[in-house]
Every structure is written in structure tokens, then in C-alpha cells.
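Okay, here's what each chain looks like letter by letter:
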Amino acid sequence: MDSKVVFIILLILPSTTRGCFRIPIQKHGHHNAIGLKPSFDVPEATVTVVAAQTVVLPCSINDLGDFQVIWQRRKNNEDRSLTVNGRRITDDTRMSVDRPFKKEWNLSIRNVRMSDEGVYLCSVNTDPVTSKMIKLTVNYAPRLQGTVSQVIVSEGNTLRLICNATGSPTPRVTWYRISDTNFGHDEKIKYTAEGEVLVIHNATRYCQDIYECVADNGVGPQASHQTKVIVHYAPRVHLPNKWISQSVGKMTILECEISANPLAGSYWLKEVEEIGSSKKKYDVQMYDTGDSEKVLSLTIHSVQKEDFGEYTCVSENTLGHDAKSMILEEYVDPALLKTTTTTTTTTTEAIEANMIPDGHSRKLITSKPQADSPPGKSPQDPDYNRISVESRVVKSSAASIHIGIAVKYCQIGFQIVTVISYVMHAGYS
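Bear in mind that the values here come from a model prediction, so they are computed numbers and not experimental data.

**Description of the overall build of the protein chain**
Line of reasoning, step 1. Of the regular secondary structure elements, the protein chain holds zero helices and 35 strands.
Line of reasoning, step 2. When the 429 residues of the protein chain are sorted by exposure, 36% land in the buried category.
Line of reasoning, step 3. Here the protein chain displays about 25,400 Å² of accessible surface, and carbon together with sulfur accounts for 51% of that area.

Below, the structure is given as C-alpha cells:
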């Protein structure tokens, strides 16, 4: 029985390790006819692409001969091979070698991801290995991270709104303030300064609004987010009328305007006793007149002698309290006070009448004539005018128009934003 011997000859070539693939070093490769070594058109290049598109990394080699071309990805100081001589050896099926011409060995990557960004090498297995380095930059549209829909700040504190925007290239962040208008649409105000942090210094109630940050880098759609800023502040009470006259047996309505956030407790006092709706002669109601603005009304259905006196409107919350007092006094018909002598006839000054709308079952009541300011008070007294928007109607013999100007400050960053509101009131004598 003949025996056969099989000899296995192993040819071991010098090699250089590149990640998971060993590039065989070809010391005596065949050059071209004139003996030139392989060379690249340029030693390195930078390529920029938008995410989700297809990118081609260029590699043009002159005088390759029978040397091999290897594409590699450099990551964490390690070179990992992707293709060898046009054959893909990576599991990533998005990659392939594109050869429109003989000397072109371009690497094509479809549906580019942000993770594809980095350094790629087009290498030839000469001794030593020669490579062309291509840096791939992946641009992508802005994204916002860590956003909040609502923040609450107490009046007087500093608030920072953060718009954490990512993207490539780095996005520019612009801020807007969106305010409701009296015309049924929103008003959008752009702040000139740019940056990821909007600082509201010494926040006031006038800073309460919706703030929007918009990130844009010219790649894809903009990213935006809106944050509602709520400012908590102590109550302020304002009395439209500080003196009211009414006849015995008639109904009258006392009103006070309250601005507070949050609104915890509001009530009326007669002297020092709290008034509630449990007594049939009283009716206490509260209704909205705007954002964080309320009106607390006290209806006295049949005024009696004991009802005349001082009434106090009180409002309080966790940040503080405020109170304002007014006087209800008996109304006497001027005709009953007429006196006649043989030489002169003297009449009292006509009592000014204030007409109250019928929307809440109001009737015509009269108010006592008053000077420009109550006794003991002046327009400079902070207790005299606690509300920013307020007009004081001065008695006159003809219809008059009075304009109240409220200057509202909301300091944003290093910029003071001033809003001037004009409120018109008509008074008739």
C-alpha cells in the first residue's frame, strides 16, 4: 500500500498590524515601467457632509503597480480596516469602494451618521506603509436638550433660562418674548443679544410671559422651545373709589382691584369684622379681569344706618399681604338742603354721579366729591397709588379724558426692556 506524504509550505510575509487586519508589507512589489513608487494626489483632505446623506472620501493613487489599497478608520488610536483592494471586510454594509477611474479608490458611505465623523486612511502596503488621511466632518441640524416648559420665580429674584443646543456647526441661539396683545394675537419681540443663557435680573411681575429660544446653524430645520415664566409676588390692592355715598334702603356695590400671584385669600372687613356671604344682606363675589388680576366686590342689598362706616379690602398670600380702606357714607339729596332767605339762595355743591356698568347687576350710585388726592395723602405717597396703571379723575364741569402711563421694567441680561402702556379713562360730571 503506497503512502502519500503531503507537505504544507507556509509562506510567512513581513506584516504590519492595523487593528483587526494585518496589512502585508510588500518589499519587492512590481512598480510601473519606469520604476516609480505609488503616490497620492494630496497627502490629506477634509470632507464635510450633512447627516443622512451619502459621502465619497477621495483617494487617487498614481503608479500603484501591484500594490494593495486598504481603507481604514482611525478610532481611539487604533486603525480598523474597512476594505482591501475594493473588497469590503467590515460588517457595515453602507460602505463600499467607488472606482469611477482606474487610479480612483474612493470610499463611499451611504446614509451618513454622526458617529461616522472622524479620521479615515487610504493606505498602500509599501514598505513602509504610505497613507492619505481624510478627516470627515458630519454636520447635523440643531437639537435642544434638557428643556423645561415652565419655571416659577419670586419677584425680585434672578432667573436663568437655559437653551442647551447641540449641532454641527455650533448653532446660534436667539431669544424671543411672546406676549398676548389686546388684539387677539401674539406679539413676538426679538432680543438682540445671542447666547444659550437668558438672564432675567430682579424679576418683576412684568417679566411674566412666554420666552422662546431658537437654535439655527444653517443645516436642516431650526430647533425651538418655549418656556412659560410665572412670577410670584405679594398682593397689591387698589380701590377705584375711596368714598361712596348711598341712600338708606338702596343697594350699593363696593369694589377693590387685586393683583397677586398666587392668590390665596381675599376678603372684606367692616371696621374689624370680616364680612361673608352667609348674611343675606351681603354678597361677596370675585371675578377675573386679566392675568393674575381680580376684582373683589361686596354688594350690600339694602343699606341701613349701621352699614355706614369704613370698609377694608384685604388680600394675602405666602409672599405678603396688602389692604386698603374706603368710606361708605349716607347720601343726602341736595334739594333737601336748599335754604332760602330774602336776599340770597344758597345751594350745596352738586354731587358727582358715577355710572357703573350693568354687567353685574349694578345701579346708579353717587360718590362724594373729592379733591385730587384724599386728605392726608399725596400723589407721591406710595399708599396713594399702589398699582402701576392708574388714572385719577379730577372733577370738572365738562367731559374729560385722562391718560395714565405705566412704565413696566423687565431687565433681560444686560438690557432693560421698557414697555409703556397707555390707559384711557373718561370722566363725566
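That shown, we press on.
**What about the sheet that holds strand E11 (residues 106-109)?**
Line of reasoning, step 1. Read across the sheet, three strands follow the order E5-E11-E10 without closing on themselves; strand pairing throughout is antiparallel. Of all strands in the sheet, those bounded by a partner on one side alone are strand E5 (55-57) and strand E10 (95-98). Strand-to-strand twist in this sheet, taken as the mean axis angle between neighbours without regard to direction, amounts to 30 degrees.
Line of reasoning, step 2. Two elements, E10 and E11, share four bridges in a ladder whose sense is antiparallel. Looking at the pairing, Ser 96 lines up with Ser 108 of E11.

**Observations concerning the side chain of Glu 104**
Line of reasoning, step 1. Within the secondary structure, Glu 104 is located in the loop between E10 and E11.
Line of reasoning, step 2. One buried charged side chain, Glu 104, makes no salt bridge at all; its nearest oppositely charged neighbour is Lys 103, positioned 5.4 Å away.
Line of reasoning, step 3. Residues contacting Glu 104, with those up to four places away along its chain left out, are Cys 59, Ser 60, Asp 98 and Arg 99.

**Re the pairing of strand E14 (residues 150-154)**
Line of reasoning, step 1. Side chains of E14 alternate between two faces, with Val 151 and Val 153 buried and Gln 150, Ile 152 and Ser 154 left unburied.
Line of reasoning, step 2. In terms of strand pairing, E14 meets strand E21 (residues 223-238) through five bridges, oriented parallel. Residue Val 153 lies in a different strand from E21, and its bridge partner there is Val 231.

**Focus: the environment of Arg 160**
Line of reasoning, step 1. Mapped onto the fold, Arg 160 is located in strand E15 (residues 159-162).
Line of reasoning, step 2. Linking Arg 160 and Leu 198, residues 38 residues apart in sequence, is a C-alpha distance of 5.6 Å.
Line of reasoning, step 3. Those residues within four positions of Arg 160 in sequence are excluded, and the remaining contacts are Val 197, Leu 198 and Val 199.

**Things to note about the pairing of strand E13 (residues 130-145)**
Line of reasoning, step 1. Pairing of strand E4 (residues 44-50) with E13, which is carried by seven bridges, proceeds in the parallel orientation. Bridge pairing in E13 places Val 49 opposite Val 138.
Line of reasoning, step 2. Across seven bridges, strand E12 (residues 118-124) lies against E13 in antiparallel orientation. Bridge assignment links Val 124 to a residue of E13, and that residue is Thr 130.
Line of reasoning, step 3. Once E12 ends, the chain turns through five residues before running back antiparallel as E13.
Line of reasoning, step 4. Strand direction decides the pairing type here: E13 and strand E16 (residues 164-168), joined by four bridges, are antiparallel. From the neighbouring strand, Tyr 140 faces E16, where its bridge partner is Ser 168.

**Some remarks on the confidence of the model for the protein chain**
Line of reasoning, step 1. Averaged over all residues, the pLDDT of the protein chain equals 76, while 69% of them reach at least 70.
Line of reasoning, step 2. In the predicted structure, residues 1-20 sits below a pLDDT of 50 and forms 23 contacts with residues beyond four places in sequence or in another chain.
Line of reasoning, step 3. With pLDDT under 50 throughout, residues 414-429 is counted as low confidence; its partners more than four residues away or in other chains account for 50 contacts.

**Regarding the state of the cysteines**
Line of reasoning, step 1. Within the structure shown, the criterion is met by three disulfides.
Line of reasoning, step 2. The disulfide bridge from Cys 59 ends at Cys 122, spanning 1.9 Å between sulfur atoms. Handedness here is read from the sign of the S-S torsion; for Cys 59 and Cys 122, about -75 degrees, the answer is left-handed. Note that Cys 59 is positioned in the loop between E5 and strand E6 (61-62) and Cys 122 in strand E12, a separation of 63 residues in sequence.

**Focus: the nonpolar core**
If you look at soluble globular proteins, the nonpolar side chains tend to sit buried side by side.
Line of reasoning, step 1. Within the largest apolar cluster, 23 residues are counted, with the highest numbers of intra-cluster contacts made by Leu 57, Ile 61, Trp 71, Ile 109, Tyr 120 and Leu 136.
Line of reasoning, step 2. Discounting chain neighbours no more than four positions away, the residues touching Tyr 120 are Leu 57, Trp 71, Gln 72, Arg 73, Leu 82, Met 95, Leu 107, Ile 109, Lys 132, Met 133, Ile 134 and Leu 136.
Line of reasoning, step 3. Ala 165, Val 173, Ala 215 and Val 231 belong to the second-largest nonpolar core, a separate cluster that totals 20 residues.

**Structural notes on the side chain of Lys 324**
Line of reasoning, step 1. By secondary structure assignment, the location of Lys 324 is in strand E29 (residues 320-330).
Line of reasoning, step 2. A polar contact of 3.4 Å, which involves the side chain of Lys 324, links it to the side chain of Asp 322.

**Details of the environment of Tyr 176**
Line of reasoning, step 1. One can find Tyr 176 in strand E17 (residues 172-180).
Line of reasoning, step 2. Residue classification places Tyr 176 among the buried residues on the basis of a relative accessible area of 18%.
Line of reasoning, step 3. A sequence separation of 38 residues divides Tyr 176 from Val 214, and the C-alpha atoms of the two residues are 8.0 Å apart.
Line of reasoning, step 4. Aside from chain neighbours lying at most four places away, what touches Tyr 176 is Lys 188, Ile 189, Lys 190, Tyr 191, Ile 210, Tyr 211, Glu 212 and Val 214.

**Some words on the pattern of salt bridges**
Line of reasoning, step 1. This model, assessed by the stated rule, comprises 14 salt bridges.
Line of reasoning, step 2. Here Asp 116 and Arg 94 are joined by a salt bridge, their closest N and O atoms 2.8 Å apart. Of this pair, Asp 116 sits in the loop between E11 and E12 while Arg 94 is found in the loop between strand E9 (87-88) and E10, placing the two residues 22 residues apart along the sequence. The same class applies to Asp 116 and to Arg 94, which are both buried.
Line of reasoning, step 3. A salt bridge links Lys 281 to Asp 307; the nearest nitrogen and oxygen atoms lie 2.7 Å apart. In this pair, Lys 281 is assigned in the loop between strand E25 (273-275) and strand E26 (282-290) and Asp 307 in the loop between strand E27 (293-300) and strand E28 (309-317), connecting sequence segments 26 residues apart.
Line of reasoning, step 4. For Lys 281, a relative accessible area of 24% translates into the label partly exposed.
Line of reasoning, step 5. The network of salt bridges with common partners includes Asp 92, Arg 94 and Asp 116.

Cut-offs and rules
Residues numbered from 1 in each chain as written. Predicted model: local features only at pLDDT ≥ 70, side-chain atom pairs only at ≥ 80, totals over all residues. Heavy atoms only, no water. Helix = DSSP H or I, 4+ residues; strand = E, 2+ residues; numbered from the N terminus. Buried < 20%, exposed > 50% of the residue type's maximum accessible area, 1.4 Å probe, protein only. Areas by Shrake-Rupley, 256 points an atom, 1.4 Å probe, with all protein chains shown as cover. Pairing = 2+ DSSP bridges. Axes fitted to C-alpha atoms, helices over the stretch in contact; angles between N-to-C directions. Lys, Arg positive; Asp, Glu negative; His and termini not counted. Salt bridge = Lys/Arg side-chain N within 4 Å of Asp/Glu carboxyl O. Contact = heavy atoms within 4.5 Å. pLDDT = per-residue confidence, 0-100. Disulfide = S-S within 2.5 Å. Core = buried A, V, L, I, M, F, W, Y, C linked by side-chain atoms within 4.5 Å. Polar contact = N/O pair within 3.5 Å; in protein donor to acceptor, adjacent residues only side chain to side chain.

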